[in-house]
Amino acid sequence: MNFLLWLCLLLVGFLSESQFVAAQLQDQATLSAINEELSVPGWGVNNSDYCTWPGITCGSNHSVVMKLDLSRRELRGNVTLISELKGLEWLDLSYNSFHGSIPSAFGNLSELEFLDLSLNKFEGSIPPELGGLRNLRSLNLSNNMLTGEIPDELKGIKKLQDFHISSNRLSGSIPFWVGNLTNLRVFTAYENNLGGKIPDNLGSVSELQLLNLHSNRLDGLIPKSIFALGKLEVLILTQNKLTGDIPEDIGNCTGLSSIRIGNNALIGTIPRAVGNISSLTYFEADDNNLSGEIVSEFSQCSNLTLLNLASNGFTGMIPRELGQLMNLQELILSGNSLFGDIPETILGCKNLNKLDLSNNRINGTIPVDICNMSRLQYLLLGQNSIRGEIPHQIGSCGKLLELQMGSNYLTGTIPPEIGHIKNLQIALNLSFNHLHGALPVELGKLDKLVSLDVSNNQLSGNIPSALKGMLSLIEVNFSNNLFTGPVPIFVPFQKSPNSSFVGNKGLCGEPLNSLCGNSNSPDHQNHHKVSYRIILAVIGSGLTVFVSVTIVVLLFMMREKQERTAKAAGVEEDVANNRPTIIAGNVFVENLRQAIDLEAVVKATMKDSNKLISGTFSTVYKAVMPSGLILAVKRLKSMDRTIIHHQHKMIRELERLSKLCHDNLERPIGFVIYEDVALLLHQYLPNGTLAQLLHESTKQPDYEPDWPARLSIAIGVAEGLAFLHQVAIIHLDISSVNVLLDANYRPLVGEIEISKLLDPSKGTASISAVAGSFGYIPPEYAYTMQVTAPGNVYSFGVVLLEILTTRLPVDDAFGEGVDLVKWVHNAPVRGETPEQILDAKLSTVSFGWRKEMLAALKVALLCTDYTSAKRPKMKQMRLHSRINHQLVLRQKHYCEIAACNLYVKTGTERSGEFIEGEASSEKGPVTY
């Protein structure tokens with residue numbers, strides 16, 4: 001009997017071992033086939049154990065594959081084979097370029113608990129077969145191109161906790177069964193075409209924590225069920241067609257930090273129970289049909305940072321209790337029917353940087369101590385019934401960027417102290433009031449101001465010539481006043497339409513059609529003096545040019561004669577005999593081999609006239625082939641002979657680099673070696689480098705500011721460097737000179753070959769004692785002499801600062817021993833705001849551009865932290881331009897980093913202190 005029992009156990013063990021071995025062999029064969037299809041970097045090296053391949057985690061005793069993480073590898077191809085890995089519990093294919101339909105075979109992965117297919121290009125409908133994944137806890141299909149309805153078969157995933165289907169093209173309605181998922185914690189379906197009602201059972205049986213459904217076509221009521229269990233932390237329903245009241249039950253969720261219900265058709269009042277939400281940080285209910293008074297219970301939400309109730313039907317007075325909100329940064333109450341005074345208590349909100357009370361019926365006066373709010377940047381009081389004078393203390397609002405007081409009943413004169421607000425940049429609007437007297441000459445000190453409007457008042461006297469100091473001025477309006485005398489000769493004035501000056505009977509000169517009768521006016525006399533000087537200068541210059549051209553022509557004729565003589569003597573033959581011998585050379589791209597002449601390549605690099613740019617490690621030449629093909633040829637500087645002697649290794653590295661597949665990398669297409677010189681062949685890019693775009697093109701008369709183009713370049717550089725780090729390549733010389741621009745201004749990171757061929761930190765070449773270009777080198781390199789990934793992040797941060805400021809990384813204007821990074825980080829010491837750091841030609845074009853630039857500045861400050869350990873990693877950082885001009889730093893594993901979250905105050909991090917309080921409040925998605 002014991003023998004039979006022992007025999008059975010042995011048989012079972014043998015069968016189990018056989019199944020185990022069979023499963024291993026099956027997984028090994030499947031992974032090899034997957035690698036053949038997808039070419040995963042790092043897989044299959046030296047016939048190594050597949051459990052050691054990047055992204056693979058096996059079970060105990062190196063059994064079957066349990067986890068497969070292929071995220072952020074720029075992969076493309078067919079992923080159906082992955083369904084053969086039957087033991088998979090975790091599958092992450094996010095941040096790649098997979099397209100086509102989601103394989104229905106994924107529904108056979110019965111052990112799967114985590115599935116992330118987000119940020120790809122998957123099309124078609126969601127496979128109903130995914131409903132068979134009974135153990136699935138997290139499903140993320142967001143940011144694809146999926147269509148159709150949410151299949152009912154998914155209701156079989158009973159254990160589902162996180163359900164993400166946002167940013168697709170899904171239609172239909174949200175199924176009722178979603179509310180029956182008892183484990184559901186997070187549900188995001190924003191940016192789709194979903195219609196119908198939100199299920200009235202959603203949240204009633206599960207502890208729902210996050211619900212984000214913004215930018216759909218949902219209608220009906222906000223269901224009370226989502227507040228039933230009181231666990232909700234984030235609610236985002238903006239840009240839908242929701243109706244009805246805000247449920248009183250909202251007060252049950254004391255942990256609710258963000259409520260965004262704007263751009264709907266909600267009615268009724270704000271429930272007083274909102275005061276129970278002690279964690280509330282953001283409350284946005286703008287663009288609805290809400291009415292009644294603004295409830296004073298908001299004052300109990302001590303963490304409130306943003307309160308936006310704009311464009312509703314609120315009446316009554318602004319609650320005095322709002323002055324108790326010490327953390328409030330933005331108070332936006334525009335577009336209502338509020339009346340009464342601006343409460344003095346509001347001045348106690350020391351962190352307030354935006355106060356927007358425009359387009360109401362406020363009929364008090366402007367508080368004298370309005371500038372007690374020392375961080376105030378936006379003061380918008382236009383289109384009210386405000387009376388009295390503008391207080392002279394307004395000049396103490398040193399950080400103001402925009403001052404709107406138009407369309408009120410203001411009297412008195414314009415305080416000259418406004419000229420002390422040196423940061424005033426976006427607009428100064430005092431139009432449609434009852435102001436009188438002269439324009440203060442002190443306004444000419446506002447050298448950053450873009451728009452000035454003092455129209456429709458009773459201002460008199462001359463328009464001061466001192467206004468020529470407003471160097472950034474683009475829009476002006478002096479119309480319908482009592483101004484007299486000539487319009488000062490100042491380009492922004494003469495370029496303005498005459499409608500900006502009409503309605504002033506005593507005003508004359510351009511752009512008005514009326515000539516000034518008094519030709520002895522100072523401006524008129526100066527104009528004629530300048531004109532005479534210009535005429536004399538033109539005549540003198542013309543004579544000089546004529547004489548110079550004559551001499552040059554004579555010299556050219558003499559030189560041409562000498563060259564003809566030299567050719568006759570056989571000089572051409574001598575040059576041909578001295579042509580260097582090519583040791584090795586190849587073209588990696590097969591269809592270009594016929595078009596490239598290697599001897600013509602060598603010959604092109606011997607002419608200085610072909611030189612394009614010179615970098616730290618190489619000089620680039622333009623080479624025109626006999627076939628007409630144009631190449632960029634990189635000649636490596638001071639090439640180490642040991643590399644030439646080991647040319648087979650060099651050629652292998654170049655061939656490998658030529659196969660790197662990424663849209664933002666410049667790959668070699670061939671090489672030439674002669675003597676101790678190595679030439680690398682690249683595609684010729686007509687738009688030059690980022691450095692040329694920033695520091696040369698911007699000085700041209702036809703330059704037009706284009707922040708979206710610069711942002712796209714920054715994103716491309718970040719993507720390229722992130723990919724390099726994924727394949728274990730550290731760049732030696734990140735700079736704007738080494739960012740090349742193709743015909744569509746797509747950025748390509750260059751000099752990637754140098755990292756594999758010449759690394760001074762490893763003693764592989766005698767090219768330079770310094771790896772990198774001055775101004776881009778991280779501070780730690782001075783004592784480590786090691787090129788590192790954090791050092792690359794620092795250099796990228798410098799490039800980003802260059803893009804934002806249009807300043808060189810090293811400039812004498814910064815002062816002795818100060819580079820661009822120190823100049824930016826020391827701005828608070830100089831008393832400068834972030835806006836003063838940015839290139840005003842870009843940041844003053846639109847409010848949206850400035851918001852994005854400030855967000856990018858936060859990223860640059862993080863990247864250029866002097867402590868390398870505090871810098872983010874390129875593999876975790878992706879820059880994305882999102883809806884409503886929001887710039888989001890996506891960090892896969894810790895997206896809550898304060899300085900990267902545009903809706904969260906930066907706090908006390910050293911790199912973030914400079915921009916604390918600059919968080920954007922513009923409506924946009926909260927991304928998880």
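The name recorded for the chain in an unreviewed UniProt entry is Tyrosine-protein kinase, from Trema orientale. Under the Subcellular location (unreviewed entry) heading, UniProt states for the chain: "Membrane".

Participant: Just to check I follow, could you spell out the overall build of the chain for this structure?
Facilitator: Counting its secondary structure elements, the chain contains 16 helices and 47 strands. Considering the chain as a whole, with its 928 residues, one finds that 53% of them fall into the buried category. Considering only contacts in the chain between residues 6 or more positions apart, those separated by 24 or more positions represent 54%. When the accessible area of the chain is evaluated, it comes to approximately 40600 Å², of which 52% is carbon and sulfur surface.

Participant: Honestly, the packing of aromatic side chains in this entry has me stumped. Any pointers?
Facilitator: We describe a pair of aromatic rings using the distance from one ring centre to the other and the angle between the two ring planes. Evaluated as defined, the whole model comprises 12 aromatic pairs. Here the aromatic rings of Trp43 and Trp53 are separated by 5.3 Å at their centres, their planes lie at 35 degrees, and the arrangement is tilted. Taken together, the residues Trp43 in the loop between helix H1 (2-38) and strand E1 (56-58) and Trp53 in the loop between H1 and E1 connect sequence positions 10 residues apart. Considering the side-chain rings of Phe478 and Phe483, the 6.0 Å spacing of their centres and the 85 degrees angle between planes classify their relative orientation as edge-to-face. Across the pair, exposure class does not vary: Phe478 and Phe483 are buried alike. A network of ring pairs unites the aromatic residues Phe478, Phe483, Phe490, Phe493 and Phe501 as a single cluster. Residue placement shows Lys354 over the ring face of Tyr378; its charged tip is 5.8 Å from the ring centre. Across the ring face of Tyr409, the terminal group of Arg387 is positioned such that the distance to the ring centre comes to 5.0 Å.

Participant: What is the right way to read the packing of helix H9 (residues 707-726) against helix H12 (residues 789-805) from this model?
Facilitator: Axes are the key here: two packed helices are described by the angle between their axes and the distance separating the axes. H12 packs onto H9 with a crossing angle of 175 degrees between their chain directions and a minimal axis gap of 10 Å. Here H9 is positioned roughly antiparallel relative to H12, judged by the angle of their axes. Of the residues in H12, those in contact with Trp707, Arg710, Ala714, Val717, Ala718, Leu721 and His725 of H9 are Ala789, Asn792, Phe796, Leu800, Ile803 and Leu804. Broken down by class, the residue content of the contact of H9 with H12 amounts to 10 nonpolar, 2 polar and 1 charged.

Participant: Got a minute to help me understand helix H16 (residues 847-863) in this structure?
Facilitator: The periodicity of an α-helix, 3.6 residues per turn, causes residues three or four positions apart to be oriented the same way. When the terminal C-alpha atoms of H16 are compared, their 25 Å separation across 17 residues agrees well with the 24 Å that a helix rising 1.5 Å per residue should span. Of all 17 residues in H16, 16 are buried, a share of seventy percent or more.

Participant: Hey, could you run me through the pairing of strand E20 (residues 289-293) in this one?
Facilitator: Along any regular strand, the residues point their side chains to alternate faces of the sheet. With 2 bridges connecting them, strand E18 (residues 267-268) and E20 associate as parallel partners. The partner of Ile267 across the bridge, within E20, is Asn289. Inspection of the sheet shows E20 paired to strand E22 (residues 313-316) by 3 bridges, in the parallel sense. Following the sheet pairing, Ser291 is matched in E22 by Gly313.

Participant: Would you take a moment to explain the sheet that holds strand E16 (residues 241-242) for this structure?
Facilitator: Either a parallel or an antiparallel arrangement is found when strands of a sheet pair, and the pairing is made through backbone hydrogen bonds. Across the sheet, which stays open at both edges, the 3 strands sit in the order E12-E14-E16 with parallel pairing between neighbours. Because the sheet does not close on itself, it has two edges, and the strands there are strand E12 (195-197) and E16. Here 3 bridges tie E12 to strand E14 (residues 217-220), and the two strands are oriented parallel to one another. The partner of Lys197 across the bridge, within E14, is Asp219.

Participant: Teacher, can you tell me more about the packing of H12 against H16 here?
Facilitator: Two elements in contact, H12 and H16, have axes separated by 8 Å at closest approach and are oriented at 150 degrees. By the angle between their directions, the pair H12 and H16 is classed as roughly antiparallel. The handedness of the crossing between H12 and H16 is left-handed. Taking contact as the criterion, the partners of Val793, Tyr794, Phe796, Gly797, Leu800, Leu801 and Leu804 in H12 are, on H16, Met853, Ala856, Leu857, Val859, Ala860 and Cys863. Grouping the amino acids of the contact of H12 with H16 by side-chain chemistry returns 12 nonpolar, 1 polar and no charged.

Participant: Can you help me understand the nonpolar core in this one?
Facilitator: One recurring pattern in soluble globular proteins is that nonpolar side chains are buried together. Judged by nonpolar contacts, the single largest core of 142 residues is most densely connected at Phe187, Phe283, Phe298 and Phe478. For this core, the secondary structure elements donating two or more residues are H1, E1 and strand E2 (65-69). Considering every element that reaches this core, the biggest residue donor is H1, with 3 residues. When residues of this core are assigned to domains, at least three fall in each of domain 1 (24-170) and domain 2 (402-513). Not counting residues within four places of it along the chain, the set of residues in contact with Phe283 comprises Ile259, Ile270, Val274, Phe298, Leu304, Leu306, Leu307, Asn308 and Leu309. With 52 residues, the next largest nonpolar core counts Leu690, Leu741, Leu842 and Met853 among its residues.

Participant: How do you make sense of the pattern of salt bridges when you look at a structure like this?
Facilitator: Where charged atoms from two side chains of opposite charge approach closely, those side chains can pair. Counted according to the given criterion, the structure contains 6 salt bridges. Between Lys634 and Glu666 there is a salt bridge, with the nearest N and O atoms lying 3.6 Å from each other. Remark: Glu666 occurs in the loop between helix H7 (647-658) and strand E42 (670-674) and Lys634 occurs in strand E41 (residues 630-636); sequence separation between them is 32 residues. The burial state of Lys634 is the same as that of Glu666; both residues are buried. A salt bridge links Arg746 to Asp742; its shortest N-O distance comes to 3.1 Å. Overall, Arg746 belongs to the partly exposed group, its relative accessible area being 35%.

Participant: Would you take a moment to explain unusual backbone geometry for this structure?
Facilitator: If a residue is not glycine, its phi is most likely negative; likewise, a peptide bond is most likely trans. Backbone torsion omega between Glu510 and Pro511 reads 5 degrees, so that peptide bond is classified as cis. For Pro511, the location among the structural elements is in the loop between strand E37 (506-508) and helix H3 (522-568). Positive phi values are uncommon outside glycine, yet Glu191 reaches one of about 55 degrees. Overall, the relative accessible area of 18% leaves Glu191 in the buried class. A positive phi angle, near 55 degrees, is found at Thr806, a position not held by glycine. Mapped onto the elements, Thr806 comes out in the loop between H12 and helix H13 (820-825).

Participant: Help me understand the environment of Val65 in this model?
Facilitator: Secondary-structure assignment places Val65 in strand E2. On the basis of relative accessibility, which here comes to 0%, the residue Val65 falls in the buried class. Residues Val65 and Asp27 lie 38 residues apart in sequence; the distance between their C-alpha atoms is 7.0 Å. Beyond its immediate chain neighbours, meaning those up to four positions away, Val65 contacts Asp27, Leu31, Tyr50, Ile56, Thr57, Cys58, Gly87 and Leu88.

Participant: Even after reading the chapter, I still don't get the sheet that holds strand E39 (residues 611-614), so can you show me in this structure?
Facilitator: Strand order in the open sheet formed by 6 strands is E38-E42-E43-E41-E40-E39, with antiparallel pairing between adjacent strands. Of all the strands in the sheet, just strand E38 (582-587) and E39 have a single pairing partner and so form its edges. The sheet shows a mean angle of 20 degrees between the axes of neighbouring strands, taken without regard to direction. When E38 meets E42, the two strands line up antiparallel, connected through 5 bridges.

The rules we used
Residues numbered from 1 in each chain as written. Predicted model: local features only at pLDDT ≥ 70, side-chain atom pairs only at ≥ 80, totals over all residues. Heavy atoms only, no water. UniProt positions renumbered as here; feature names shortened; annotations may be inferred. Helix = DSSP H or I, 4+ residues; strand = E, 2+ residues; numbered from the N terminus. Buried < 20%, exposed > 50% of the residue type's maximum accessible area, 1.4 Å probe, protein only. Contact = heavy atoms within 4.5 Å. Areas by Shrake-Rupley, 256 points an atom, 1.4 Å probe, with all protein chains shown as cover. Phe/Tyr/Trp six-rings, centres within 6.5 Å; stacked < 30°, edge-to-face > 60°. Lys NZ or Arg CZ within 6 Å of the ring centre and 35° of its normal. Axes fitted to C-alpha atoms, helices over the stretch in contact; angles between N-to-C directions. Parallel < 35°, antiparallel > 145°, perpendicular 65-115°, else oblique. Nonpolar A, V, L, I, M, F, W, Y, C, P; charged D, E, K, R; others polar. Expected span 1.5 Å × (residues − 1). Pairing = 2+ DSSP bridges. Left-handed = near helix turned anticlockwise from the far one by under 90°. Core = buried A, V, L, I, M, F, W, Y, C linked by side-chain atoms within 4.5 Å. Domains from an automatic or database assignment. Salt bridge = Lys/Arg side-chain N within 4 Å of Asp/Glu carboxyl O.

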